[in-house]
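So you can see what is in the structure, the chains are spelled out below.
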Amino acid sequence: MAIHTSLLQQFSLLRHLPATTLQHLADSSALRAFARREVVLGKETPVEFLFFLLEGRLQATDFTLDGKEVGLYFVEEGQYFGEIAMLDGLAYPEIMIANKKSQVVQVPNRLIRGLILEHPKMTEDVTIGLAQRVREQSEQRQILSINNPLQRVCAQLLLLLRHAPGGNSAAPGANEQRELPGAPTHQELAMMVNLSRETVTRVFQVLQSRGALDRQSEALSVDVQRVMALAQNAD
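All of the points below concern the structure found in this document. Computed from a predicted model, the values in this text were never measured in an experiment.

What follows covers the environment of Val 206. Mapped onto the fold, Val 206 is located in helix H8 (residues 197-209). Linking Val 206 and Ser 196, residues ten residues apart in sequence, is a C-alpha distance of 16 Å.

Following this line, the structure appears as structure tokens:
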């Protein structure tokens, strides 16, 4: 079912396109709703669309060889996903799950792929996005090599801060207090750092007792300097 062009204009990758092009995309696009914990895309699924998250939050996951679910990265409102399958035409390499009630706009690959390759700004945006994903997952692998659970969780929180809106504030010399909006739940964080939810909960209790964290509703207030110090030395 067609959608209104105003939905497409909410996404930075598309909003610069001419009105006639946006209308053509809108006529062939659709809006889908997903419940919390519903699978949005399955691994090895053939993909015919590039997906844009209009509302909610998604998490890309996969499974280790021993069957443990691992969280890879989050998709926030306004972002897109499925670009790897859109570019190479192969099956989707991960599992995408809705962390909360979500709405996703589906734009056909047969239309969007040509536009991305024809418009240098779109090509640049997609390329930079993929490069950032590679860098983030490289950092994620380094975090998993940390043996101490407290240090591992602290390192993950700093990584999330760096990739949050207004990033790089977790670097040395940053302001002491940073807010992490829409902070992951203990279970979501546990999946990312390959720990149990109970272990992450105990780590949060320690961090809160030391004044490093303060959870306020869905946001998390982080004392960057204290978390950095604990990431380097858990004693």
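Moving on from the coordinates now.
Sheet architecture is open: three strands sit in the order E9-E11-E10, paired in antiparallel fashion. In this open sheet, the two strands that pair with only one neighbour each are strand E9 (177-180) and strand E10 (213-216). Direction aside, the axes of adjacent strands within the sheet are offset by 20 degrees on average. Of the strands in this sheet, E10 and strand E11 (219-223) are in contact with H8, which crosses E10 at around 110 degrees. Here helix H9 (residues 224-232) sits on the sheet and contacts E9, E10 and E11; the angle it forms with E11, its principal contact strand, is near 70 degrees.

Okay, the environment of Leu 7 next. Mapped onto the fold, Leu 7 is located in helix H1 (residues 5-8). Under the relative-accessibility criterion, Leu 7 is labelled buried at 17%. Apart from the residues within four sequence positions on either side, Leu 7 is in contact with Leu 31 and Leu 54.

Here helix H6 (residues 149-162) crosses H8 at 80 degrees, and the two axes come no closer than 10 Å. By the criterion of interaxial angle, the relationship of H6 to H8 is roughly perpendicular. Contact with H6, carried on its side by Pro 149, Leu 150, Val 153, Cys 154 and Leu 157, involves Thr 199, Val 200, Val 203, Phe 204, Val 206 and Leu 207 of H8 and no other residues of that element.

Ordered in space as E1-E8-E3-E6, the four strands form an open sheet in which the pairing is antiparallel. Two strands in the sheet have a free side with no partner beyond their single neighbour: strand E1 (30-34) and strand E6 (80-81). Across six bridges, the pairing between strand E3 (residues 49-55) and strand E8 (residues 102-108) is antiparallel. Counted as the bridge partner of Phe 52 is Val 105 from E8. Packed on one face of the sheet, helix H4 (residues 109-118) meets E3 and E8 and runs near 75 degrees to E8.

For the rest of this paragraph, the subject is unusual backbone geometry. Most peptide bonds take the trans form, and the phi angle of most residues other than glycine is negative. A positive phi angle, near 75 degrees, is found at Arg 37, a position not held by glycine. Position of Arg 37 relative to the elements: it lies in the loop between E1 and strand E2 (39-41). Arg 37 sits in the partly exposed class, given a relative accessible area of 40%. One non-glycine residue with positive phi stands out, namely Asn 194, at about 55 degrees. Within the fold, Asn 194 resides in the loop between helix H7 (186-193) and H8.

Scoring rules and cut-offs
Residues numbered from 1 in each chain as written. Predicted model: local features only at pLDDT ≥ 70, side-chain atom pairs only at ≥ 80, totals over all residues. Heavy atoms only, no water. Helix = DSSP H or I, 4+ residues; strand = E, 2+ residues; numbered from the N terminus. Pairing = 2+ DSSP bridges. Axes fitted to C-alpha atoms, helices over the stretch in contact; angles between N-to-C directions. Contact = heavy atoms within 4.5 Å. Buried < 20%, exposed > 50% of the residue type's maximum accessible area, 1.4 Å probe, protein only. Parallel < 35°, antiparallel > 145°, perpendicular 65-115°, else oblique.

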